[in-house]
Every structure is written in structure tokens, then in C-alpha cells.
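In case you want the letters, here they are:
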Amino acid sequence: MKTTRISIRFLLIFALVAASVLRPAAAEECGIASAHALATKAGCEILKSGGNAFDAAVAVAAALAVVEPFASGIGGGGFFLLHRASDGFEVFVDARETAPARATREFFLGESATARPKASLEGPTAAGIPGEPAALDWIAARYGKLPLARSLAPAIRLAERGFPADARYASASAMREALLKNNAGAATTFLDSGKAAAPGFVVIQRQLARTLGMLADQGGYAFYHGDFASQLAQTVKSAGGLWELSDLENYRVIERPPLKLIYRGAKITTAPLPSAGGLVLAQSLFILESVNMAGLSGPDRAHYAVEAMRRGYHDRARYMGDPDFVAVPVAKLASREYAQRRGASIDPARATPSGELAQETQTADEGGDTTHFSIIDAHGNRVAATLSVNGPFGSGFVAGDTGVLLNNHMDDFGLVAGVPNLYKLVGSGANAVEPGKRPLSSMSPTFVEDDRGVFVLGTPGGSRIISMVLEGILDYVDQPQPDLARSVAAPRFHHQYLPDRIEIEPGGFPEQWVAAMKAKGHAVEVGRRKWGNMQAVFFDKKTGRIEVANDPRGQGGVLF
Ligand code: DON
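Here's what I pulled together on the structure shown here. From a predicted model like this one, the values you see are computed outputs, not experimental measurements. Per chain, residues are indexed from 1 in the order of the written sequence. Only residues with pLDDT of at least 70 get local features here, since the model is predicted, and only at 80 or more are side-chain atom pairs given and counted; chain-wide, interface and lining totals rely on the full set of residues. Side-chain metrics in this entry use all non-hydrogen atoms of the structure; hydrogen atoms and water are not considered.

### Topic: the overall build of the chain
Counting its regular elements, the chain contains 21 helices and 19 strands. Expressed as a percentage of its 560 residues, the buried residues of the chain come to 61%. Accessible area for the chain stands at about 20,700 Å²; split by element, carbon and sulfur atoms hold 56% of it. Averaging the coordinates of the 57 positive side-chain charges in the chain and doing the same for the 57 negative ones gives two points 4 Å apart. A run of DSSP states H or I qualifies as a helix once it reaches four residues; a run of E qualifies as a strand once it reaches two. Both are numbered from the N-terminal end. Note on classification: 1.4 Å probe, protein chains only; a residue is buried when its accessible area is under 20% of the maximum for its type, exposed when over 50%, partly exposed between these limits. Here, Shrake-Rupley sampling with a 1.4 Å probe gives the accessible areas, and only protein chains in the shown set may cover a residue. Think of it this way: Lys and Arg go in the positive column, Asp and Glu in the negative one, and His and the chain ends go nowhere. Each charge is placed at NZ for Lys, CZ for Arg, CG for Asp and CD for Glu.

Next comes the structure, spelled out in C-alpha cells:
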């Protein structure tokens, strides 16, 4: 009798513990939101075979490199924001590309100081030294439980066997057909007999599978040193690019403390420089803190959000760059006092022309196609990662027979004074190109934590990443009930200081909204298409449940 009681009690306890520990991993989605079902599946496979969120992040990133070659890859870079549950340790793994030593301002200026050079957008001159291979190894070795080879296995399989192109692949390949045709490796792999691929076309990447296999066997070191690296540098160089073997040998992943702030009681953990995300978010949120956002009408709320963005992005343009190369007044830009001072010039009824902000004098101490996934595992470890090759299919250049498609992140530097880049951003000297320097980014993987739960979010979208993450945070914090699907799907508006106009998603805002904004003096422009592809995970502290949300915009079409 006694034995029976004990065993029943034991069984009950076991069931409860098992339910609490296993629920998220056992949930269909495994606590992973990524831009592609096959990448999410790769992460689930790794969690189920005993890996933690960090192993899953390696698996998801590597799988995305295969199935979303237009968005991110081992020829690119990005940022991983990690939270370790056992001790609360949080770190920002900076795997941003670096400029090769031969990359100079003069090279990119070329013969014209007024035009944006093609050299930063197309072909091998556009490519920075990739960071993703180093990051995969780094994260597996320091934070994972499984060997790198195990976590890379699903990606290698996908590259070898192929995967069917979806609508997003098809439109990205149509958009970049001309560029991809210029390079034999890119054309053979990513196009269908030299033409844009239709949905269903099977993309096979055997050379990439071999390179990923090399990483699995020999680790990230092999990408940056020895025969493979020499051959990679040589291939880029003989096609007119700027890489030397020493650029690869000198590449380092950098661990940085994340930028942390409190907005209305919610703990925000986000991207530090060389992403402008954290500082622009900090200024915007601190400005909005003194506004009764929840009590305002739609256009009034948007007016304040736009004015906050305008000021944050203004500072992006004038102060921000790689903190290892330029002095950026980070403490000041991230402070409440500074934000409140800047917010004081907001007129509740009228738009501030960006030209007026440009008149402000700088004080002496004031010195700037992608994918995102979010993971929360059963133990509470978290990852938010935004990874990129920049424009769709990056530089369009596949290096020799390595299968590695190179990024075009040199375009994220402020190359020509006053001339906007691919995302219409203008930059200052702080983001000028220099050997070894990281170009300023907008990628903003973010955690938001309050009494209700933990919200992990991020998105691609170039300069619009920061405004999307801001709107995601505002929706979560300012609404009485968290609603992940609503936060991710809500219509988006964007202002980035210059150009001086609010861009809105087509179909997202009623006429009255537009009229109310115009009445306040804002120029409003309807974007050609919707933007972003937010991937979010939410851990509900009350119920212990994990929810995931994929941006409905990611279901089809191009989102750049
Ligand atoms: O680092 C950045 O800010 C950009 N290179 C990100 C590019 C991007 O999000 C393109 N996506 N649609």
C-alpha cells in the first residue's frame, strides 16, 4: 500500500517536472521562430537531441544560410544576443564583417564624389570579411552542449540534398537575376538555367555543403587560415576584390556587453555598437517615457513615435560608428537626461523639420537582406540573432568552388558624404571606411522582460529594423495584454531623420490617420511594399507557456 502511494506520488512529481521542463521543446514549434520552416525544424532537431538554445541557434543560423541564401550566410555576418538561464549571463556576440586592409575611402570614391559607387554593392569589392563562420564555432564551443559538427548536420544535409524554392526565394532571384548572371557560381547555383527560379525549383548547393563539412570537421579556424583561406582570398583578389589572406587571419568575433535600459518597468536588453539599434532605441524610448502613449489616439501616438525616431536616427547619422575605431559618446546618447533634453523640442501639434535638427550645434563631447530568429529553450536560455549578407543575395559573388556567397556590407559604411546608401541612410565620418573597421548596422536583436513574461524579437529590414523593433516594444509594453501575433503583424510606419518623411506600409493606415499626420506637418509616403519579417518568441511567466509568432509578411513576396 505504502509502496503504491509513494510510487503514485513519485509519478505525479515526475509528470509535473517533466511537463514543466519538456513543454516548450515538446511544443510543435520548440520555442523557435525563424524565417524558414526548414531552419526552425533544424533547430528543433538539435533541441530534441539534447542541445540547448545556443546549439539550436548554430543549427538555425547554418540552415538559414542554406535555405535563405539571399538573406544571410557564411559569406556574411551578424549579431547573436544570448541569455544563459543558469546564471543570467547576457552577451552580444558581434560577428559583423570587417573592412579588408586595402579598403580605403579613395577606392570607393573612385572618380566621383557625388555618386554612390557600385563597388560597394556588386561583385567582390562589395564584400567585407565574413563573421558568421567564426561565430558558429564560437557559440558552439563556449555556450553549446553539442559538438559543432552535430549542430551543422541539418544544414549540410539541406545543402547537399537541396530544398524547394519558395515564393520569397523566387522573388529575390527575380530581383537579382542580372547580378547573379554575372558570376558563374552564383548563376549555376541560384538560377534555373540562367533565369530567375520559380517556386518549387530545387536549390542544391554541394560546394557549400563541402565548406560547411570542413567547418564541422575542423572548426571555424579552417575558414580563416591555411589552404581554404588562401584560396578564398586569392579568388576574391583575382576577380578584382580587396581581400588578402591576412584580412581573414585577423578576423575576430567580439563579445560585447549588451545595451540595457528600463522602459516603463520593462527590462530591454539589446544591441550595442556597431549596431546603432540600441542607442536609437534608448533615445526613442526615453523620449516616449514622459508621454502618455497608452492614452493617446493613433495619430498622436504615431506623431510622438516619429519625432522620437527622427531624433534617434539623427544621432545615428552624426555620431555612430564602430566603437573600436571612433569615440562615440555612448554614455550620453544612452542617458535619460540627454533623451529628455532632445525630446523637449517636440511640438505636440507640429512635425519638427529634420533640417531644423541639423542646425543644432554639436557640443564638444559629442564626438551613426538579412534574417532574424528568436529562441527560448526549456531551461530559459534565450537567443535573438539577426544575420545578413546585406542586399538580396549580397554581392552576387560566389567565391570559386567554395559555395560561399559573399555579402555586400561595404555599402553600410558612410562612403560618400551626404550620399545615401542602399537604405537611404546618410553617414558621418564616424562611419567612414577604414581597414579592419566594422560598418555601422541597424540590426537589433532584443529581449524585453517584465512581470508578464519574456519577449524575444528582431527582424530584417535595413534602416527600418530599428523602427520596427521600437514599435514591437511599444506594442508589448503599452498594451494591457501581450499579444504576440498583434505585435508582429501591426502595420508599420518609419522615419529615419533623412529623408524627412514618414514612410507607411501600403494598406496599413486609414485616410484619417494620414490626414491627421499631414495636418501636423508631416510628409507621408506610402511604401511600395510592406517591410520586415519579424520573428518573435514569448515566455508567459503566469502560464509557463511559450508562444511563437512569424511575421505574416514573410509568407510570400519580397520584403526588402
Ligand atoms: O546591418 C544592417 O543594418 C543592414 N545591412 C541590414 C540589411 C537588411 O536588414 C536587409 N533586409 N531586408
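Having put the structure on the table, let's press on.
### Remarks on unusual backbone geometry
In this structure, Pro 274 follows Leu 273 across a cis peptide bond, with omega equal to 15°. Relative to the assigned elements, Pro 274 resides in the loop between strand S8 (266-270) and helix H14 (277-289). Of note, the amide linkage connecting Leu 498 to Pro 499 takes the cis form, showing an omega dihedral of -5°. Structurally, Pro 499 can be placed in the loop between strand S15 (493-494) and strand S16 (502-504). At Asn 390, a position not held by glycine, the phi torsion is positive, near 80°. Tracing the sequence through the fold places Asn 390 in the loop between strand S10 (382-388) and strand S11 (398-399). A residue is classified by how much of its surface remains accessible, and Asn 390, at 2% relative accessible area, is buried. The backbone phi angle of Lys 424 is positive, close to 65°, even though this residue is not glycine. Locating Lys 424 in the fold gives a position in the loop between strand S12 (404-405) and strand S13 (446-449). For Lys 424, a relative accessible area of 45% gives the class partly exposed.

### Structural notes on the packing of aromatic side chains
Centres within 6.5 Å make a pair out of two Phe, Tyr or Trp rings, where for Trp the six-membered ring is used; the pair is then stacked when the planes are under 30 degrees apart, edge-to-face when over 60, and tilted otherwise. Tallied over the full model, the rule gives 17 aromatic pairs. Note on geometry: a ring has a charge over it if NZ (lysine) or CZ (arginine) is within 6 Å of the ring centre and within 35 degrees of the ring normal. Above the face of the Phe 447 ring, Arg 382 is positioned so that its terminal group lies 5.1 Å from the ring centre. Cation over ring: Arg 452 sits above Tyr 476, and NZ or CZ is 4.5 Å from the ring centre.

### Description of the packing of helix H6 (residues 148-161) against helix H10 (residues 206-218)
Note on definitions: angles span 0 to 180 degrees between N-to-C directions of axes, and those axes are lines fitted to C-alpha atoms, for helices only across the stretch in contact. At a closest axis distance of 9 Å, the pairing of H6 and H10 adopts a crossing angle of 175°. The orientation of H6 with respect to H10, classified from their angle, is roughly antiparallel. Across the interface between the two elements, Leu 148, Ala 149, Leu 152, Ala 155, Ile 156, Ala 159 and Glu 160 from H6 touch Arg 206, Ala 209, Leu 212, Gly 213, Leu 215 and Ala 216 from H10. Here the contact of H6 with H10 is built from residues that sort into ten nonpolar, one polar and two charged. For classification purposes, an angle smaller than 35 degrees is called roughly parallel, one larger than 145 roughly antiparallel, one from 65 to 115 roughly perpendicular, and anything else oblique. Residues count as neighbours in contact if any of their non-hydrogen atoms are within 4.5 Å of one another. In this classification, Asp, Glu, Lys and Arg are treated as charged, Ala, Val, Leu, Ile, Met, Phe, Trp, Tyr, Cys and Pro as nonpolar, and every other residue, Gly included, as polar.

### Re the pairing of strand S9 (residues 371-376)
Counting buried positions over the six residues of S9 gives six, a clear majority of the element. Here S9 shows no split at all, with Thr 371, Phe 373 and Ile 375 on one side and His 372, Ser 374 and Ile 376 on the other all buried. When strand S1 (residues 32-33) meets S9, the two strands line up antiparallel, connected through two bridges. Bridge assignment links Ile 32 to a residue of S9, and that residue is Ile 375. Here, strands pair whenever DSSP counts at least two bridges between them.

### As for the sheet that holds strand S18 (residues 535-540)
Strand order across the open sheet formed by six strands is S7-S8-S13-S14-S18-S19, with antiparallel pairing between neighbours. Each edge of the sheet is formed by a strand with only one pairing partner; in this case those strands are strand S7 (259-263) and strand S19 (546-550). Adjacent strand axes in the sheet meet at a mean angle of 15° when their direction is disregarded. Where strand S14 (residues 453-457) meets S18, four bridges bridge the pair, whose relative direction is antiparallel.

### Some details on the environment of Gly 31
By the element assignment, Gly 31 lies in the loop between helix H1 (2-26) and S1. By relative accessible area, which is 0% here, Gly 31 ends up buried. It is 38 Å that separates the C-alpha atoms of Gly 31 and Val 326, two residues lying 295 residues apart in sequence.

### Concerning the pairing of S19
Bridge count between S18 and S19: five bridges; the pairing is antiparallel. Looking at S19, one finds that Val 537 is bridged to Val 548. Linkage of S18 to S19, two consecutive antiparallel strands, is achieved through a turn of five residues, within which Gly 544 is found at a positive phi near 75°.

### Describing the site of the ligand
Around the ligand, a shell composed of 16 residues is seen, among which Thr 370, Asp 412, Ser 441, Ser 442 and Gly 462 lie nearest. Each polar contact in these results corresponds to two N or O atoms within 3.5 Å; when the atoms are within protein, one needs to be able to donate a hydrogen and the other to accept it, and residues that are neighboring in sequence are counted only if both atoms are side-chain atoms. For the ligand, an oxygen atom lies 2.7 Å from a polar atom in the side chain of Thr 370. Separating a nitrogen atom of the ligand from a side-chain N or O atom of Asp 412 is a distance of 2.6 Å. Among the residues making up the shell around the ligand, the classes are represented as five nonpolar, eight polar and three charged. Any residue with a heavy atom positioned within 4 Å of a molecule or strand is treated as near that molecule or strand.

### Brief notes about the packing of helix H15 (residues 298-319) against helix H21 (residues 511-519)
Closest axis-to-axis distance for the H15/H21 pair is 9 Å, and the angle between their directions is 50°. The angle between H15 and H21 falls in the class oblique. Where H15 crosses over H21, the handedness of that crossing is right-handed. On H21, the residues touching Gly 298, Pro 299, Ala 302 and His 303 of H15 are Trp 513, Ala 516 and Met 517. Residues of the contact of H15 with H21, tallied by class, amount to five nonpolar, two polar and no charged. Less than a right angle of anticlockwise turn of the near helix away from the far helix marks a crossing as left-handed, whereas a clockwise turn marks it as right-handed.

### What to know about H21
Within an α-helix, residues lying three or four positions from one another point in the same direction, as the helix has 3.6 residues per turn. Turning to H21, its buried residues number three or more, namely Trp 513, Val 514 and Met 517. Projected onto a plane normal to the axis of H21, the buried residues spread over an arc of 95° and lie on a single side. Exposed residues lying more than 90 degrees from the buried face of H21 are Glu 511, Gln 512 and Ala 519. Those residues of H21 that are buried are in contact with H15, S15, S16 and strand S17 (524-526). Backbone geometry just after H21 places Gly 521 at a positive phi near 95°. Note that the arc is computed from the directions linking the helix axis to the C-beta atoms.

### Describing the sheet that holds strand S6 (residues 254-256)
Ordered by their spatial adjacency, six strands build an open sheet running S1-S9-S10-S2-S3-S6, and the pairing between neighbours is antiparallel. Strands with a single pairing partner mark the edges of an open sheet, and in this sheet they are S1 and S6.

### Side note on the pattern of salt bridges
Here a salt bridge means any side-chain nitrogen of Lys or Arg lying within 4 Å of a carboxyl oxygen belonging to Asp or Glu. Using the criterion set out here, one finds 33 salt bridges in the structure. Across the pair Glu 90 and Arg 382 runs a salt bridge, and its minimum N-O distance is 3.7 Å. Classification of Glu 90 as buried rests on a relative accessible area of 12%. Judged by relative accessible area, Arg 382 falls into the buried class, the value being 5%. The partner of Glu 244 in a salt bridge is Arg 102, with the nearest N and O atoms 3.1 Å apart. Here the residue Glu 244 occupies a position in the loop between helix H12 (226-238) and helix H13 (245-249), and Arg 102 occupies one in the loop between strand S3 (90-95) and helix H4 (105-109), the gap between them amounting to 142 residues.

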